[in-house]
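Analysis of the macromolecular model
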Amino acid sequence: FLSAGEEEEAGPLLDKEPVGGSESLDQLLSEAFSDARGGQGGNGDELLDTLEGDLEIDPLDMLESDEASEQLGAASGIWNWMTGKDRSELLYEALKKLVSNKDFRLDHTDEMCERVTEHVSGYDVICTGHTHFEKAIQLAGGRQYFNSGTWVPLIKLTDSMMQSSDTFRRVYEIFSACRSVKEFEHEQNLFDGVSLLLERPAVVEIVNRNGAATAGLKHVQRSGNGVRLVDPR
């Protein structure tokens, strides 16, 4: 995502060639320093050399030794220093462009659904899985498409969490404080009383009733010593 232009759709990710590390860094630094330096471009090495020449100082010397070890790298440390922003603000600005809660909608047709249904025909029910976003979509001709999602916890950044950099700071603090999945359930690590982790293990139930396939997406809930299947809320 970092190497893609803002106007470019994420596109068929499976068909994309990954951008090389140095090229990706060049693009990221060019965008960041272009904003801070009034539109000047250049690759990553040139930008760092220019900064060192302008300030007559080694960029790494601008960071305390213990602070430098905590930074994501020299570029992020320099960028923080130039803009006066901390990591929470920088991450908030980056995520604002990427977060789209429509992916969590059961009836939202995503790229996986489009690609699979384009190549699979002649079946009443089409199932996929392991792409994290569960789906239950009605197709033309009475056909159905399902994605069983994932059984691992997901992170859903809600509109209230992303309302401002101040509200997101609380999210950032929770992630910084937690060292395990279990710690997200602690009372002090809840956002408005809710865990940041979304857990909803799902299965696709397909039943043959009088020669016709009846299917539905179900959530798995613990019930006593066993489990029960319930409709998604």
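Scroll up a little and you will see the structure.
Residues numbered from 1 in each chain as written. Predicted model: local features only at pLDDT ≥ 70, side-chain atom pairs only at ≥ 80, totals over all residues. Heavy atoms only, no water.

Focus on the pattern of salt bridges
Basically, it comes down to this: We define a salt bridge as a side-chain nitrogen of Lys or Arg found within 4 Å of a carboxyl oxygen belonging to Asp or Glu. Three labels apply to residues, based on accessible area from a 1.4 Å probe with only protein chains included: buried if under 20% of the type maximum, exposed if over 50%, partly exposed otherwise in between. Secondary structure is summarised from DSSP: a helix means a run of H or I of at least four residues, a strand means a run of E of at least two, and numbering begins at the N terminus for each.
The final tally for this structure, using the stated rule, is four salt bridges. Its salt-bridge partner being Arg-105, residue Asp-107 comes within 3.3 Å of it at the nearest N-O pair. Taking the relative accessible area as the measure of exposure, Arg-105 reaches 44% and is therefore partly exposed. Here Glu-134 ties to Arg-200 by a salt bridge, and the two come within 3.5 Å at their closest N and O atoms. One end of the pair, Glu-134, is in the loop between strand S1 (125–128) and strand S2 (135–138); the other, Arg-200, is in the loop between strand S5 (197–198) and strand S6 (202–209), and 66 residues separate them in sequence. Given a relative accessible area of 18%, Arg-200 falls into the buried group.

Looking at helix H5 (residues 87–98)
To keep it simple, the criterion reads: Expected helix span is taken as 1.5 Å per residue step, with the number of steps being one fewer than the number of residues.
The end-to-end C-alpha separation of H5 is 17 Å, in line with the 16 Å expected for 12 residues at 1.5 Å each. Within the span of H5, buried status applies to Ser-88, Leu-90, Tyr-92 and Leu-95.

So, the sheet that holds strand S3 (residues 144–147)
Sheet strands pair by backbone hydrogen bonding; their relative direction is either parallel or antiparallel. For clarity, the cut-off: Two strands are counted as paired when DSSP detects at least two bridges linking them. Each axis is a line fitted through C-alpha atoms, and for a helix only the stretch in contact is used; angles between axes span 0 to 180 degrees, taken between their N-to-C directions.
If you trace the three strands from one edge of the open sheet to the other, you get S1-S3-S2, paired in mixed fashion. Of all strands in the sheet, those bounded by a partner on one side alone are S1 and S2. Geometrically, the sheet is characterised by an average inter-axis angle of 10 degrees between neighbouring strands, direction not taken into account. Strand direction decides the pairing type here: S2 and S3, joined by four bridges, are antiparallel. Across the sheet, residue Ile-137 finds its bridge partner in S3, namely Tyr-145.

Considering unusual backbone geometry
One non-glycine residue with positive phi stands out, namely His-132, at about 80 degrees. Along the chain, His-132 turns up in the loop between S1 and S2. Even without being a glycine, Asp-192 presents a positive backbone phi close to 50 degrees. With respect to the element layout, Asp-192 can be found in the loop between helix H7 (165–177) and S5. Overall, the relative accessible area of 67% leaves Asp-192 in the exposed class.

Describing the sheet that holds strand S7 (residues 212–223)
With antiparallel pairing, the three strands of this open sheet are ordered in space as S6-S7-S8. The open sheet is flanked by S6 and strand S8 (226–230), the only strands paired with a single partner. Here the strands of the sheet are splayed against their neighbours by 45 degrees on average, with no regard to which way each runs. Across eight bridges, S6 lies against S7 in antiparallel orientation. Its bridge partner being in S7, Ile-206 is matched across the sheet by Ala-215.

Remarks on the nonpolar core
Using the following cut-off: Think of a nonpolar core as a cluster: buried Ala, Val, Leu, Ile, Met, Phe, Trp, Tyr and Cys residues, connected wherever their side-chain atoms sit within 4.5 Å.
Core analysis: the biggest nonpolar cluster contains 13 residues, and Val-171 and Leu-196 have the highest contact counts within it. If one sorts the elements of this core by residue count, H7 sits on top with three residues. Among the nonpolar cores identified, the runner-up in size contains six residues, and Cys-113, Ile-126, Ile-137 and Leu-139 belong to it.

Describing the environment of Glu-205
Structurally, the position occupied by Glu-205 is in strand S6. Taking the C-alpha atoms as reference points, Glu-205 and Ser-148, 57 residues apart in sequence, are found 9.9 Å from one another.

Digging into the pairing of S3
Within a regular strand, the side chains alternate between the two sheet faces. The alternating pattern of S3 places Gln-144 and Phe-146 on one face and Tyr-145 and Asn-147 on the opposite face, and all of these are buried. With four bridges connecting them, S1 and S3 associate as parallel partners. In the sheet register, Val-125 faces S3, and the bridge partner there is Gln-144. Linkage of S2 to S3, two consecutive antiparallel strands, is achieved through a turn of five residues, within which Gly-141 is found at a positive phi near 75 degrees.

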